[in-house]
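Structural features, examined
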Amino acid sequence: MAKIGINIATGSLQQAEIIVGIDLGTTNSLVAFIHPESKLPTALKEFDSSSLVPSVVHFDQLGNAEVGEPAKQFLETDPANTIFSAKRLMGKSYKDVKDNAHFFTYKVIDDDTDSLVKVQVGDRFYSPIELSSFILKELKNRAEHILKTPVTKAVITVPAYFNDAQRQATRDAGKLAGLDVLRIVNEPTAASLAYGLGLQKDEEKTIAVYDLGGGTFDISILKIAGGIFEVLSTNGDTYLGGDDLDHAVMEFFLKQIGISFEEINQEKKQLQSLRLLAEWAKKELSFAELFSTEWSGYNVEISRVQFNEIIQPLVNRTIESCVKALSDASLTVNEIDTIIMVGGSTRVPLVKESISSFFGKQVNDSVNPDEVVALGAAVQADILAGNNKDFLLLDITPLSLGIETMGGLMDVLIPRNAKIPNKAGRQYTTQKDGQGSMRISVFQGERDLVQHNRKLAEFNFTGIPGMPAGMPKVEVSFLINADGILQVTAKELRSGVEQSIEVKPQYGLTDEEVEQMLLDSITHAKEDMTVRALVEARTEGEQILEVTEKFIAKNPELLSQEELMQAASAMQNLQMALTLTDKNLIQTKIEELNEISRRKQ
Ligand code: ADP
Ligand code: MG
């Protein structure tokens, strides 16, 4: 196995390997990758079919799951067993979703607790994580079928407003589908990447990402600087999207042919067919001025002008969200450099026109809005795969960074997955009177003892002015700059003496090694905790022995002969305990010695 480098900043592996980008959408999901020949982000699809997989799971009588287009056929005819919009349930409790319970045509379990929701299908229960994993598994299978190679690593996108629970749920769904989720990326960030934004280090831009999908609307304001994407604000409506446009067209048709909604609602097959017709009409009107056809013996017809009229209120609602997002980011429309259109519904001309005129600028819509998020996820995946070597997308630290403290313990200053650039500092002091120097050893890894982690650098901090133990204040600070280079500085705050070193970002760690280090930290977690507790007890014991010795040497007149004897015996017992590995024994002996000292205070 050839050695491959890993960049501490990017976590990027420097070896070719397919890592796919996945847009796990509320309505549609898809996979993209960087084509090895064209080097362009490309959505995966079977010959002459769509790249989109409807995010729908249908369960048959036996509980077998079917995903995508075939499952979508059951939305209207078998609603109780057809799960759509599972993404809306990710990381949510019943309390979170109960206000929208009517939206779900399938059974969302109400156990009136704060625990996560489940969906009941027949006599089976599914978590949203499992439901999403069915979709991801389908995407994985598709990708493997098309690429003719195993696909095990992915970058998955989530809305910028997803909280930790929702992100973790998405990660878990990936794991359940047999995918190693290397990164969860915000959808607006991915969309920007697909437009090549944020790929230059000195680029600074403020971007608005307008995402109108099938059932949800999101507006995100991002700031890109030095390869870092910062979400300034998000707004939107989790129940506004293309489905509402379809519904508006369907009502228009019903009125035209003189049938009430209640009437057609009795006939699920008819309803389904009219809904599909409405969606088709909507899509046609993105290109044509007029749509007309025959349906069930009726003539139905709608013009672009009529369509615009019925959907104008919905578009206006999205603009209200844009106003709020700008105000939350304390920005005016003029301060937005670029507007990106995302989501199938932004193909509607009225949407594009209204948004362009609101921002006073032409919107960017050259990349397919259905695919743009997945394409951007593929760009991110390619960077992680190390294929895009010129470019550093600074993001997070793959492993924790810290220094060695007493007893060989790892003291973490910058935790794993921390954002880059980053800064952290902590104060330390000397253990001996007049101690003039201090060894600073920098480590990387997740274990409690530095001996199990990886040493990155070491230096001797000298020139600490002579002071009693515990007096000097040595501040050690870590600074990871935008290039991923770690600078370690030690400064004695009372005297101002300072020294620093730079640690280069390349460590030649293979991805297997990083993985192994993470795995080790999990397997050894319990053992590490025990060792840490023992080391801490020993350190405390040694300190107490030293302090007591000093006290007795300085103030012999304060102690009676008997007290001296007692102290000496307690000290001896503690010293004995320190040679053994029983943390509790050490603590008991510390306590006994403390007891004697306390009596003298
Ligand atoms: P999501 O992100 O919610 O999964 P998508 O971005 O895939 O959703 O958007 C799906 C929506 O886009 C559907 O409502 C679909 O009808 C709509 N859509 C797709 N193509 C067009 C088009 N040409 N014109 C208008 N709407 C379209
Ligand atoms: Mg989407």
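A short tour of the structure in this document, coming up. Residue numbers here run from 1 along each chain, matching the order of that chain's written sequence. Chain letters and ligand numbers both follow the written order, the letters beginning at A and the numbers at 1. The predicted nature of this model means local features are confined to residues of pLDDT at least 70 and side-chain atom pairs, given and counted, to a pLDDT of 80 or more, with totals for whole chains, interfaces and linings taken over all residues. Computation of side-chain values: all heavy atoms of the structure, hydrogens and water removed.

This part covers the nonpolar core. We define a nonpolar core as any set of buried Ala, Val, Leu, Ile, Met, Phe, Trp, Tyr and Cys residues linked to one another through side-chain atoms lying within 4.5 Å. Three exposure classes are used, based on accessible area relative to the maximum for each residue type with a 1.4 Å probe and protein chains only: buried under 20%, partly exposed in between, and exposed over 50%. With 45 residues, the main nonpolar core has Y210, I221, F253, I302 and I355 as its most contacted residues. The next biggest cluster of nonpolar side chains, apart from the first, holds 44 residues, and it includes L44, V97, V117 and V151.

Okay, the pattern of salt bridges next. A pair is scored as a salt bridge if a Lys or Arg side-chain nitrogen falls within 4 Å of a carboxyl oxygen belonging to Asp or Glu. Inspection of every chain in the model, using the stated rule, returns 18 salt bridges. With a closest N to O distance of 3.1 Å, R439 and E458 form a salt bridge. Separated by 19 residues along the polypeptide, R439 in strand β22 (residues 437–444) and E458 in strand β23 (residues 454–462) bring together distant segments of the chain. Via salt bridges that share partners, R439, K455 and E458 belong to a single interconnected network. Secondary structure follows DSSP: runs of H or I at least 4 residues long count as helices, runs of E at least 2 residues long count as strands, and numbering of each begins at the N terminus.

Bringing the environment of D123 into the picture now. Relative to the assigned elements, D123 resides in the loop between β9 (119–121) and β10 (124–126). Note: C-alpha distance between D123 and G63 (60 residues apart in sequence) is 9.2 Å.

Turning next to the site of ligand 1. One heavy atom within 4 Å of a molecule or strand is enough for the residue carrying it to be called near that molecule or strand. Around ligand 1 sit 17 residues, and of these T27, N28, E279, K282 and S286 come closest. N or O atoms within 3.5 Å of each other form a polar contact, as long as, within protein, one can give a hydrogen and the other can take it, and as long as residues adjacent in sequence are counted only when both atoms are side-chain atoms. In this structure, an oxygen atom belonging to ligand 1 sits 3.1 Å away from a main-chain N or O atom of G214. Considered on its own, ligand 1 offers 580 Å² of accessible surface; in the complex 92% of this is hidden by protein. Sort the elements by how many residues they give to the shell around ligand 1 and helix α8 (residues 268–284) lands first, with three residues. When residues are assigned to domains, the shell around ligand 1 turns out to be shared by domain 1 (18–195 + 372–384) and domain 2 (200–365), each giving three or more. Under the convention used here, a 1.4 Å probe and the Shrake-Rupley method define accessible areas, while residue burial counts only the protein chains that appear. The source of the domain bounds is an automatic or database domain assignment.

What follows is about the packing of helix α9 (residues 304–328) against helix α10 (residues 349–359). Between N-to-C directions, angles span 0 to 180 degrees; the directions come from axes that are lines fitted to C-alpha atoms, helices contributing only their stretch in contact. Following both chains from N to C, one finds α9 and α10 inclined at 40°, their axes separated by 9 Å at the closest point. As judged from the angle between their axes, α9 and α10 are oblique. Our pair here, α9 against α10, has a crossing hand that is right-handed. Side by side, α9 and α10 meet where R304, N308, I311, Q312, V315, T318, I319, C322, V323 and L326 of the first sit next to P349, L350, V351, S354, I355, F358 and F359 of the second. Throughout this entry, Asp, Glu, Lys and Arg are counted as charged residues, while Ala, Val, Leu, Ile, Met, Phe, Trp, Tyr, Cys and Pro are counted as nonpolar. The remaining residues, Gly among them, count as polar. Here the residues of the contact of α9 with α10 are counted per class, giving twelve nonpolar, four polar and one charged. With respect to orientation, any angle under 35 degrees is reported as roughly parallel, any angle over 145 as roughly antiparallel, any angle of 65 to 115 as roughly perpendicular, and every other angle as oblique. For a crossing to be left-handed, the near helix must be turned anticlockwise from the far one by less than a right angle; the clockwise case is right-handed. Note on contacts: a residue pair is in contact if any heavy atoms of the two residues lie within 4.5 Å.

Okay, helix α6 (residues 242–257) next. Working rule for helices: expected span equals 1.5 Å times residues minus one. Between its first and last C-alpha, α6 extends 23 Å over 16 residues, near the 22 Å set by a 1.5 Å rise per residue. Looking at α6, one finds that the buried residues are G242, L245, D246, A248, V249, M250, F252, F253, L254 and I257. Those residues of α6 hidden inside the fold are in contact with α7 (261–266), α8, β16 (290–295), β17 (298–303) and α9. Phi turns positive, to about 70°, at G258, one or two residues after α6.

Moving on to the packing of aromatic side chains. Any pair of Phe, Tyr and Trp rings, taking the six-membered ring for Trp, is counted once the centres come within 6.5 Å. Such a pair is stacked with planes under 30 degrees apart, edge-to-face with planes over 60 apart, and tilted for the rest. Per the stated rule, a full pass over the model turns up 15 aromatic pairs. Each ring, one from F252 and one from F253, has its centre 6.4 Å from the other, and the planes form 65°; the classification is edge-to-face. This pair shows no difference in class: F252 is buried, exactly as F253 is. Where F358 meets F359, the ring centres are 4.9 Å apart and the plane angle is 80°; that geometry is what we call edge-to-face. Judged by relative accessible area, F358 falls into the partly exposed class, the value being 22%. When the NZ atom of lysine or the CZ atom of arginine is within 6 Å of a ring's centre and also within 35 degrees of its normal, the charge is said to sit over that ring. We note R88 situated over the ring of Y239; from NZ or CZ to the ring centre the distance is 4.3 Å.

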